[in-house]
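An overview of the molecular structure
The lines below spell out each chain.
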Protein chains: 2
Amino acid sequence: MQPDLFEADLRQITLTDPFLGEYQRLIRDVVIPYQWQALNDSIPEAEPSHALANYRIAAGLEKGEFYGMVFQDSDITKWLEAVAWSLSQKPDASLEQTADEVIELLAQAQCDDGYLNTWFTVKEPGLRWTNVAECHELYCAGHLFEAAVAFYRATGKRRLLAIACRFADHIDTVFGPGEGQLRGYPGHPEIELALLRLYEVTRESRYQTLARFFLEERGASPHYYDIEFEKRGGTWHWDNAGEAWMVKDKTYTHAHKPLAEQDRAVGHAVRSVYLLTGLAHLARLTQSEEKRQTCLRIWNNMVQQRMYITGGIGSQANGEAFTSDYDLPNDTAYSESCASIGLMMFARRMLEMEDDAHYADVMERAFYNTVLGGMALDGQHFFYVNLLETYPKSIPHNHIYDHVKPIRQRWFGCACCPPNIARTLVAIGHYLFMPRPDALFINFYAGSEAQFQVDGKPLSLKIDGNYPWSEKVTLSIIHPDPITHTLALRLPEWCENPRVLVNGEAASGEQIKGYLHICRSWQQGDTVTLHLPMTIRRVYANPRVRHTAGKVAIQRGPLVYCLEEADNGAELHNLSLPRDSEFREVAGAGVLAGKVLLEASGLRVPIPEGDRPLYSTEPSKTKAVRQTLTFIPWFSWANRGEGEMRIWLDEA
Amino acid sequence: MQPDLFEADLRQITLTDPFLGEYQRLIRDVVIPYQWQALNDSIPEAEPSHALANYRIAAGLEKGEFYGMVFQDSDITKWLEAVAWSLSQKPDASLEQTADEVIELLAQAQCDDGYLNTWFTVKEPGLRWTNVAECHELYCAGHLFEAAVAFYRATGKRRLLAIACRFADHIDTVFGPGEGQLRGYPGHPEIELALLRLYEVTRESRYQTLARFFLEERGASPHYYDIEFEKRGGTWHWDNAGEAWMVKDKTYTHAHKPLAEQDRAVGHAVRSVYLLTGLAHLARLTQSEEKRQTCLRIWNNMVQQRMYITGGIGSQANGEAFTSDYDLPNDTAYSESCASIGLMMFARRMLEMEDDAHYADVMERAFYNTVLGGMALDGQHFFYVNLLETYPKSIPHNHIYDHVKPIRQRWFGCACCPPNIARTLVAIGHYLFMPRPDALFINFYAGSEAQFQVDGKPLSLKIDGNYPWSEKVTLSIIHPDPITHTLALRLPEWCENPRVLVNGEAASGEQIKGYLHICRSWQQGDTVTLHLPMTIRRVYANPRVRHTAGKVAIQRGPLVYCLEEADNGAELHNLSLPRDSEFREVAGAGVLAGKVLLEASGLRVPIPEGDRPLYSTEPSKTKAVRQTLTFIPWFSWANRGEGEMRIWLDEA
């Protein structure tokens, strides 16, 4: 184990969890094959992708023109990354061969100097690196690097890694503080975090240095985006929000000032968390207190003032961006799936630096709610935007909902979320475990068998239970030889009275920053039992959040619950939950089979019959009638057709 | 009196009301002079208007280019209309002379064939009538007609009326069902209602016929907007929402189908009510049951499903438009001032047709809340958009608030609302009284002296009181000779137990559709006393309105009240009003002097000290503390600097 690579080897983890296992199966059996068809333009009803064709044209294998977005290449590399992690979970020779062929195609498309980007090779030759603010060139490179690292770590094959390194080496000659080099950095961060991953597997310090350059140069004066804008004659790529808006609006790209001076979660949410993932990683690798403090400042603002209860971030569609403190509207939320994936990534890097379970709490909140919620239970439909409340009747009519789809969609023109969910789900082991030299941190308790190396010896364990539905988790040691090591077990913030037993007796260990550290000689047959009472919790938002004033949300374990029209009828805003109502757990059925639903006695203000005037002195509340409220886990909403949904409801 | 002109002669009405009188004074002393300066481009900080210069250029009096919007001319004619009605209230020789000079300028700018529009004379000669869908040519004509009618009725002078008639005669040759005529109609309605006013003063039946043509042709197939679009080679004027959007989106202009087939309040709100004002007027003049039914259908949808408690209409900024039934968001409302003025106009025409006080109720609601609220108490600042709730801290950051100004603005680039408010306020007598041959309807009780003609004899009366603050209104007969006639006194819907005395004794009269009809021989010295108890009312919205679920609004008389940060501190969403709290009336002070404020004991959920997490299981409500809530009349909000405001608050 490399001493600073706190990353589980996914080949050594077998997910046995029925819940997440099913998601991984969907990724393997549905999402990856479907996406492959999409990339090959063989889905009649989907927008053409042309992404593979672009590479073939760049490789000189066929004639034609580039088609697609300036970041079209990344659809291929994100697919490759998902394939790689999936292969590490479940080998598939045919899939691996397909991937190998794609990798060969990439090799053929790569220029002699290592450059690899089909937009600029096919469509705009000669314009390389003239618009890093807008044109995703470095972003696409980053996704290539991530795919390369994944493929290497999943299969041991170096072919894609070599392509990535050649490209990284090329970029390293182009960008930097040296004479004749460009002092630029990407408008869409990604390459920073990817270079650090590339560094981790190659140990090539230049990659770390280059990442550091990008991060430290960002926002410097005179501003690079203005310099390159002038240099290329004042042209711009994106004009959907005014002339050269992306060049001008430097907050959108988090380049409005140097990172060391930033302290708020602003701008495009996905870019923000991608950037900070790289910064936190670098802060740890270089032990930079200044960078750590920058991460902390922005993290705190993000999760203490600007995060939805679902772990969603980005309150507005315009700019897919953060807004202001405590501005968390439910029905016009943006809360992009990718932003919550990025939040998991950021949280993971913070956790690696700080070993504080608080980060895992946020990671789990984002994962079990928004990230899972981004994909339908059939694996075939996706949300890009994740609302906390919706009233479909108004969506087609009120343009504040223009970004809203009341049901998950088959695919998107800008297909970023589905492959992002895919690669996250098949690599979930990276989030479950954090193997450090001093301790094995276990973050959440999805059923799995996993092996780690401690001083060259195998530490193997098995996690059983039915997380996050059941309260009891059993952790069994299955390696043959005793090993003395620390297991650091996260005690989730949502659990008030966790009990941990080792071989049936109360565990003796030290609770440090939300983890119970148990150090002992772990022997085959040892069991650790966690009782994590999943009390059904009424959750309230900070009174500064005006959208939730007087309202309550329901959580059980890490899951946020919601009301859906399918169970509760329409006009959900007329439902309220009395302060003293008790909850009952109910087994979900049909598409919700296997899920724990909740019921409670609630109140409904009835719709008056006939033509009641719009305004009257007749109070409606006093006419409220009893109704059983059925709450379902929010991630599983919108699997039963179009209908109203809401998380926050009035507490009567 | 013309038998079908149910319009008071403003020269015979003197407003003595301290409340509305002050508004009229502001219009005379502040708004009209300021606007005159603006039209002359002599206000350094305001955007140039150039509207007078456009006319001078068109008249050949000076060289230069057209500047401004395609409807820039209407800024002049709306000013002229306000001046006219103001002169009828208070003569002003100097102002009248200025207006006469402007009218001469218009005469000089008028083409030989009667055409008068500076955009098409100066900027786009040869393109007359090629784009009536988008280019406001007929709209501007309408405002000219309205100004002409006003000037004639206010001063008896026919100069502007002659200009208007020449132009109307010209339009009548261009548009119509005859061979070689255009079968077009305006994208922005206005000419319909204006032609009918022109008809009323000239008795020229062609004007009524032309209005009818425009109204009946609207939405016919094949669609005229498409025909002219093709004829002019597929060009378009407005591209702020996509190519030729205004041509394509026929719902926006209420031309998506014939009016006879329409049944919902849709599209651009101002255009909707302007159009319907014309339609209702024509329905009455022609006794058309079909047109009456169309008006009724759309009216009912508008006020029963799509109107704010403030009489505001148009729930969204996009398209300044209606949305869907019961979709009445408070903080993203549009509720344009002009739309509520148009709603008053529509209500007035419906009232003339139906003599049902319900229409006056809506008229009064719109007037005393949104229309008055559109202008600051200093007469110098205006709202275009009228929110029911605002949280200024989020406005600059969340783009769903892009249309929102938290404080009234000095003027607007598109200066439609201020002159519209001006002309409405100086002509308020048209709304107070509806003189019909069979009865004099009195709609609301602003202090005034007014004289009407009944069978050629004067019926004069005086209204005293301090409406809408005081509950008692005294109506004194002051004409010398007895007259037998019916006074129809509106019993406002907001008043549960009105009492009406004639000479101190309970009035005997018939209550018909919300009016108390008292027929007797009215003698000098007769007094009618109305006691209109202004009980402070808790008002609730129909439970279908999700934005007000569990919430209450406060009304006293016709006035809707609100909470402002200036009185109640910030974070208004944390305030609630217990069901049993009693109200106290309090005299306003400072800028609110003369206004009745309300106080009640309320509850405030305090903001916790220190860093409370964004989400916790600690209920906030249980920590609520008592706080006196101060409610101010909503129309008077935003006169004390920037701050939060809300009408609807939780009822505890």
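Bear in mind the structure is a predicted one, so any value in this text is a computation, not a measurement. (Residues numbered from 1 in each chain as written. Chains lettered and ligands numbered in written order. Predicted model: local features only at pLDDT ≥ 70, side-chain atom pairs only at ≥ 80, totals over all residues. Heavy atoms only, no water.)

Another point: the interface of chain B and chain A. Note: interface size is frequently given as the accessible area lost on complex formation between the parts. Contacts between chain B and chain A engage 64 residues on the former and 65 residues on the latter. Buried surface at the junction of chain B and chain A, summed over both partners, amounts to about 5000 Å²; 52% is from carbon and sulfur atoms. Looking only at chain B, the three residues that lose the most surface to chain A are Arg546, Leu614 and Tyr615 of chain B, adding up to 17% of its buried area. For the interface between chain B and chain A, the tally reads two salt bridges. For Arg544 of chain B, the salt bridge goes to Glu571 of chain A, with nearest N and O atoms at 3.5 Å. For the interface between chain B and chain A, the tally reads 28 residue pairs in polar contact (both at pLDDT 80 or more). (Contact = heavy atoms within 4.5 Å. Buried area = accessible area lost by both parts, 1.4 Å probe. Salt bridge = Lys/Arg side-chain N within 4 Å of Asp/Glu carboxyl O. Polar contact = N/O pair within 3.5 Å; in protein donor to acceptor, adjacent residues only side chain to side chain.)

Quick look at the packing of aromatic side chains now. Residues and elements named next belong to chain B. Tallied over the entire structure, the rule returns 63 aromatic pairs over all chains. Arranged with centres 5.9 Å apart and planes meeting at 55°, the rings of Phe213 and Phe214 form a pair that is tilted. When sorted by exposure, Phe213 lands in the same class as Phe214, which is buried. What links up through ring pairs into an aromatic cluster is the set Phe19, Tyr23, Phe367, Tyr368, Phe444, Tyr445, Tyr467, Trp469, Trp494 and Phe635. (Phe/Tyr/Trp six-rings, centres within 6.5 Å; stacked < 30°, edge-to-face > 60°. Buried < 20%, exposed > 50% of the residue type's maximum accessible area, 1.4 Å probe, protein only.)

For the match of chain B to chain A, the screw axis carries a shift of 0.0 Å, the RMSD comes to 0.0 Å, and the turn is 180°. Accordingly, the operation relating the two chain copies is best matched by a two-fold axis. Every residue of chain B has its C-alpha some distance from the rotation axis, and the shortest such distance is that of Ile400 of chain B, at 3.2 Å. Taken as a fraction of all interface residues of chain B, those also at the interface in chain A reach 100%, which identifies the copy contact as same-surface. (Least-squares fit on C-alpha atoms with pLDDT ≥ 70 in both.)

A few words on unusual backbone geometry. Residue and element names in this part refer to chain A. Residues Tyr467 and Pro468 are joined by a peptide bond in cis, for which omega reads 0°. Considering the arrangement of structural elements, one finds Pro468 in the loop between β6 (457-465) and β7 (472-477). One non-glycine residue, Asp355, lies in the positive phi region at around 35°. Of note in this structure, Asn503 is not a glycine but carries a positive phi near 50°. As for its position among the elements, Asn503 is in the loop between β9 (499-502) and β10 (505-506). (Helix = DSSP H or I, 4+ residues; strand = E, 2+ residues; numbered from the N terminus.)

Turning our attention to the sheet that holds β10 of chain A. Residue and element names in this part refer to chain A. The sheet built from seven strands is open, its strands ordered β1-β5-β6-β7-β13-β9-β10 with antiparallel pairing. Among the strands making up the open sheet, the edge pair consists of β1 (13-15) and β10. Judged from the four bridges that link them, β9 and strand β13 (residues 527-531) form a sheet pairing that is antiparallel. Considered in β13, the bridge of Val502 is made with Val528. (Pairing = 2+ DSSP bridges.)

This part takes up the environment of Met363 of chain B. Relative to the assigned elements, Met363 of chain B resides in helix α15 (residues 357-373). Every residue in contact with Met363 of chain B, bar those within four places of it in the chain, is listed here: Met344, Ala347, Arg348, Leu351, Tyr431, Asn443 and Phe444 of chain B.

The next point concerns the sheet that holds strand β7 (residues 472-477) of chain B. One open sheet accounts for seven strands, arranged β1-β5-β6-β7-β13-β9-β10 (chain B); its pairing is antiparallel. Of all the strands in the sheet, just β1 (13-15) and β10 (505-506) of chain B have a single pairing partner and so form its edges.

So, on to the side chain of His50 of chain B. Here His50 of chain B shows up in the loop between α1 (18-39) and α2 (51-58). In this view, His50 of chain B contacts Leu39, Asp41, Ile57, Glu65, Phe66 and Tyr67 of chain B; residues no more than four positions away in its chain are not counted.

Attention now goes to the packing of helix α2 (residues 51-58) of chain A against helix α3 (residues 73-89) of chain A. All names here are of chain A. Relative orientation of the contacting elements α2 and α3 amounts to 110°, with a least axis distance of 8 Å. As judged from the angle between their axes, α2 and α3 are roughly perpendicular. Side by side, α2 and α3 meet where Ala51, Leu52 and Tyr55 of the first sit next to Asp73, Ile76 and Thr77 of the second. By residue class, the composition of the contact of α2 with α3 is four nonpolar, one polar and one charged. (Axes fitted to C-alpha atoms, helices over the stretch in contact; angles between N-to-C directions. Parallel < 35°, antiparallel > 145°, perpendicular 65-115°, else oblique. Nonpolar A, V, L, I, M, F, W, Y, C, P; charged D, E, K, R; others polar.)

With that out of the way, let us pick up the pairing of strand β21 (residues 625-633) of chain B. Residue and element names in this part refer to chain B. By the bridge criterion, three bridges tie strand β16 (residues 559-564) to β21 in an arrangement that is antiparallel. Its bridge partner being in β21, Leu563 is matched across the sheet by Phe631. Sheet topology note: the strand β19 (residues 596-604)/β21 ladder contains seven bridges and is antiparallel. Bridge pairing in β21 places Gly602 opposite Gln627.

The angle between the axes and the distance between the axes are what describe a pair of packed helices. Residue and element names in this part refer to chain B. Where helix α3 (residues 73-89) contacts helix α6 (residues 137-155), the two axes come as close as 8 Å, and the packing angle between them is 20°. Comparing the axis directions of α3 and α6 gives the class roughly parallel. In the packing of α3 onto α6, the handedness of the crossing is left-handed. Touching Asp73, Ser74, Thr77, Lys78, Leu80, Glu81, Ala84, Trp85, Leu87 and Ser88 of α3 are Tyr139, Cys140, His143, Leu144, Glu146, Ala147, Ala150, Phe151, Arg153, Ala154 and Thr155, all from α6. Its residues placed into classes, the contact of α3 with α6 shows eleven nonpolar, five polar and five charged. (Left-handed = near helix turned anticlockwise from the far one by under 90°.)

Now for helix α16 (residues 417-426) of chain B. Structural remark: α-helix, 3.6 residues per turn; residues separated by three or four positions point the same way. The buried count for α16 of chain B comes to ten of ten residues, which makes it a mostly enclosed element. Residues Cys417, Pro418, Pro419, Asn420, Ile421, Ala422, Arg423, Thr424, Leu425 and Val426 of chain B constitute the buried set of α16 of chain B.

For the structure shown, the criterion picks out 13 cavities of 30 Å³ or more. Of the volumes computed, that of the largest cavity is approximately 590 Å³. If you trace the largest cavity, you find 29 residues lining it, with Asp331 and His547 of chain A together with Asp331, Glu389 and His547 of chain B closest to the centre. For the lining of the largest cavity, a count of residues per class yields seven nonpolar, ten polar and twelve charged. (1 Å grid on protein atoms, 1.4 Å probe; cavity = no way out; pocket = protein on both sides within 12 Å on 5 of 7 lines; lining within 4 Å. Points joined across faces, edges and corners; volume = space filled by probe spheres on them.)

Here the focus is the pairing of strand β13 (residues 527-531) of chain B. Where β7 of chain B meets β13 of chain B, five bridges bridge the pair, whose relative direction is antiparallel. Along β13 of chain B, the bridge assignment pairs Thr474 of chain B with Thr529 of chain B.

Residue and element names in this part refer to chain A. Under the defined criterion, the tally for this structure stands at zero disulfides over all chains. Here Cys417 stays unpaired: no disulfide links it, and the sulfur of Cys338, its closest cysteine neighbor, is 3.3 Å away. Its relative accessible area of 0% is what places Cys417 among the buried residues. (Disulfide = S-S within 2.5 Å.)

Glancing now at the pattern of salt bridges. All names here are of chain A. The tally for this structure, following the rule as stated, stands at 106 salt bridges over all chains. Taking the shortest distance from any N to any O, the salt bridge between Arg232 and Glu134 comes out at 3.5 Å. With Arg232 in the loop between α10 (224-231) and α11 (245-248) and Glu134 in the loop between α5 (118-123) and α6 (137-155), this residue pair connects regions lying 98 residues apart in the sequence. Taking the shortest distance from any N to any O, the salt bridge between Asp226 and Lys250 comes out at 2.9 Å. Taken as a pair, Asp226 in helix α10 and Lys250 in the loop between α11 and α12 (269-285) lie far apart in primary sequence, 24 residues in all. Relative accessible area serves as the criterion here: at 14%, Lys250 is assigned to the buried category. When salt bridges with common partners are traced through the structure, they connect Glu7, Glu81, Glu146, Arg153, Arg197, Glu200, Arg284, Arg348, Arg349, Glu352 and Arg423 into a single cluster.

Below, the discussion takes up the environment of Arg232 of chain A. Residues and elements named next belong to chain A. With relative accessibility at 16%, the residue Arg232 sits in the buried group. For Arg232, the contacting residues outside a window of four places in its chain are Thr130, Asn131, Glu134 and Val247. There is a polar contact of 3.1 Å between the side chain of Arg232 and the backbone oxygen of Thr130.

The subject of this paragraph is the environment of Gly373 of chain A. Residues and elements named next belong to chain A. Relative to the elements of secondary structure, Gly373 occurs in helix α15 (residues 357-373). Taking relative accessible area as the criterion, Gly373 reaches 2% and is therefore assigned buried. Along the backbone, Gly373 and Asn117 are 256 residues apart, and their C-alpha atoms lie at a distance of 32 Å. Discounting residues that sit within four places of it in the chain, Gly373 has contacts with Phe383, Asn386, Arg408 and Phe635.

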